[in-house]
Structures are given as structure tokens and as C-alpha cells.
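# Secondary and tertiary structure notes
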Amino acid sequence: MQEHGVLKRVLLIYQECIRRQSIGQELPVSAVHDGAEIIHDFIEGFHEALEEGFVFPKLRSAGKLVGTVDTLLLQHARGRQLTQLILAESAAQTATVNDSAQIVGAMTAFVRMYQPHEAREDTVVFPTFRSILTSEQLSHLGTNFADLQREQFGPNALNQTVAKVAAIEETLGIYDLSQFTPEPITQ
Ligand SMILES: [Fe+2]
Ligand SMILES: [Fe+2]
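Rules of the game
Within each chain, residue numbers correspond to sequence positions counted from 1 in written order. Each chain gets a letter, beginning with A, and each ligand a number, beginning with 1, in the order they are written. The predicted nature of this model means local features are confined to residues of pLDDT at least 70 and side-chain atom pairs, given and counted, to a pLDDT of 80 or more, with totals for whole chains, interfaces and linings taken over all residues. Strands here are runs of E lasting at least two residues and helices are runs of H or I lasting at least four, both read from the DSSP assignment and numbered beginning at the N terminus. Put plainly, a residue is buried at 20 or more neighbouring C-beta atoms within 10 Å of its own, exposed at 12 or fewer, and partly exposed in between, counting only other residues' C-beta atoms, which are placed from the backbone. The contact criterion used is a C-beta to C-beta distance within 7 Å, with each C-beta placed from the backbone. pLDDT gives the predictor's per-residue confidence on a scale running from 0 to 100. Between N-to-C directions, angles cover 0 to 180 degrees, with each direction set by a line fitted to C-alpha atoms, over the stretch in contact for helices. Our angle categories are set so that under 35 degrees counts as roughly parallel, over 145 as roughly antiparallel, 65 to 115 as roughly perpendicular, and the remainder as oblique. When the near helix sits turned anticlockwise from the far one by under a right angle, the crossing is termed left-handed; a clockwise turn instead gives a right-handed crossing. When residue character is reported, Ala, Val, Leu, Ile, Met, Phe, Trp, Tyr, Cys and Pro are called nonpolar, Asp, Glu, Lys and Arg charged, and the others, Gly included, polar. Put simply, a nonpolar core is a cluster of buried Ala, Val, Leu, Ile, Met, Phe, Trp, Tyr and Cys residues tied together by C-beta atoms within 7 Å. The span expected for a helix works out to 1.5 Å for each residue beyond the first. It is the directions from the helix axis to the C-beta atoms whose arc is reported.

Tallying secondary structure elements over the chain gives six helices and zero strands in all. Reading the secondary structure of the chain in the N-to-C direction produces α-α-α-α-α-α. Principal-axis analysis of the C-alpha atoms places the extent of the chain at approximately 55 × 45 × 35 Å. By residue count, 26% of the 187 residues in the chain fall in the buried class. Within the chain, contacts between residues at least 6 apart in sequence are counted, and of these 76% link residues at least 24 apart.

In C-alpha cells, the structure reads:
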């Protein structure tokens, strides 16, 4: 489930776009649109489809985390609505003030929901899922997921998607990791 890293990086892209708008800069509409397309195709169209097709039903039939799964499913649905709105409003190269406000509102809601969503999946949902499968079932499922990814996106899906994310980060000036290192604390 390496897709969560891609999701996290698009959340960081959204946060940078939100930050710029909050300090009176123009919203980088094409970065928003490109990020939302990755969410639409790779996260909603692939990653969440696997969660909904394999992970959640298995947990539900084992009677595990049933309430959490209900919430996660509802959040997938609400996330798709937000993504549709973001894609539609960012389709033009420039956005009006009203469009920008709507896009930023949707991105803010999306980031707020998906940070706890993916953290819960990583720390509770996936470990519980793994605990109810045998190691053979797990390894079979891993192969199955890799095959599905190859069928849907071709042989280098993850690398290509990460490259697209990096290109958006470059345009926003947030690609270089070293810029986020704080200065040393001096006494
Ligand atoms: Fe999910
Ligand atoms: Fe997920």
C-alpha cells in the first residue's frame, strides 16, 4: 500500500496552494488540477477501490473495526465529491475569486479528512487486516494488487505517478527536501 505516500504528497501540494491563497497570492490553479487528477485516478480509482473491494469486506466479515470501516467508506464518498468539485472549478487555467474560495474550501476539507483517515488506516486498519490473514493469503493478495495495478496503469505505475507528483512540487518550489530542515538551535 505505497499509495498512501502519494496521497500524503498531494495533501502537501494542496496545503501549499491553500497557504499561498491565504497570504493573498494567486491560487496555482493548474497545480491544484494536476494534483486532483492524481487523487482521482490513482487514489480514488485504484487505492480506494482495493480497500473497498478487499480490505473492508474482509474486516467486516471478520467482525473487526466495523464502525471504523463505515466511517472510512463514508469518507471515501465525501472525498470523491470534494475531488469532483476541485476538478470542475480548477478546469480553467485561471480561477475567479469565487472559484478560488470554493477550491480552497474543498481542499481544506479534503486535507483535514485525509490526514486522520490515512493515519488510522496505516496504524490500525491495515495491521488488523494483516492479522486476520495467513502469510500465504497475504502474499497472494500482494501479488494480486500488483497485477491489478499493472493492468490498470501499466508496468511503472507508482514511479510514473511519483514523477508526476514531483513535477507539481517543482512548479510550486516545494520539491527540494532540504528547505524543510530547521536551522540548528544555538544556546
Ligand atoms: Fe481509505
Ligand atoms: Fe487508504
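Of note, the phi angle at L65 is positive, near 50°, even though the residue is not glycine. Examined against the element boundaries, L65 turns out to sit in the loop between helix 2 (29-61) and helix 3 (66-89). Its 18 C-beta neighbours within 10 Å are what place L65 among the partly exposed residues.

On to the confidence of the model for the chain. Looking at the chain, the pLDDT average stands at 95 and 99% of residues meet or exceed 70. Confidence scores differ between elements of the chain, with helix 5 (residues 135-153) showing the lowest mean pLDDT of 91 and helix 3 the highest of 98.

This paragraph deals with the packing of helix 1 (residues 3-22) against helix 2. Two quantities define a packed helix pair, namely the angle between the helix axes and the distance between the axes. Closest axis-to-axis distance for the helix 1/helix 2 pair is 10 Å, and the angle between their directions is 155°. As the angle between them shows, helix 1 and helix 2 are arranged roughly antiparallel. Two packed elements cross with a definite hand, and for helix 1 against helix 2 that hand is left-handed. Residues E3, V6, L7, V10, I13, Y14 and C17 of helix 1 pack against A31, V32, G35, I38, I39, F42, I43 and H47 of helix 2. Looking at the contact of helix 1 with helix 2 residue by residue, the class counts come to 12 nonpolar, two polar and one charged.

Take the nonpolar core next. Judged by nonpolar contacts, the single largest core of 24 residues is most densely connected at V10, C17, V32, I86, I103 and M107. Of all the secondary structure elements, the ones that give two or more residues to this core are helix 1, helix 2, helix 3, helix 4 (97-131) and helix 6 (157-172). Other than its neighbours up to four places away in sequence, I103 contacts L27, V32, I86, E89, S90 and A95. Membership of the second largest hydrophobic core comes to six residues, among which are V55, F56, L59 and F129.

Let's shift gears to the environment of E16. For E16, the position within the fold is in helix 1. Overall, the presence of 19 C-beta atoms within 10 Å leaves E16 in the partly exposed class. Each C-alpha atom, one on E16 and one on V125, is 29 Å from the other, the two residues being 109 residues apart in sequence. With residues up to four places along the chain from it excluded, the contact list for E16 reads L172 and I174.

Here helix 6 spans 23 Å end to end across 16 residues, near enough to the 22 Å set by a 1.5 Å rise per residue. Residues T161, V165, I168 and E169 constitute the buried set of helix 6. All buried residues of helix 6 fall inside an arc of 100° around its axis, so they share one side. Set apart from the buried face of helix 6 by more than 90 degrees, the exposed residues are N159, A163, A166, A167 and E170. As for helix 6, its buried residues are in contact with helix 1 and helix 2. Immediately downstream of helix 6, the backbone of G173 shows phi near 75°, a positive value.

Turning our attention to helix 3. One turn of the α-helix equals 3.6 residues, which is why residues spaced by three or four share an orientation. Taking 1.5 Å of rise per residue, 24 residues should cover 34 Å, and helix 3 covers 35 Å from first to last C-alpha, within 8% of that figure. Where helix 3 is concerned, the buried positions are L72, G79, L82, T83, I86 and E89.

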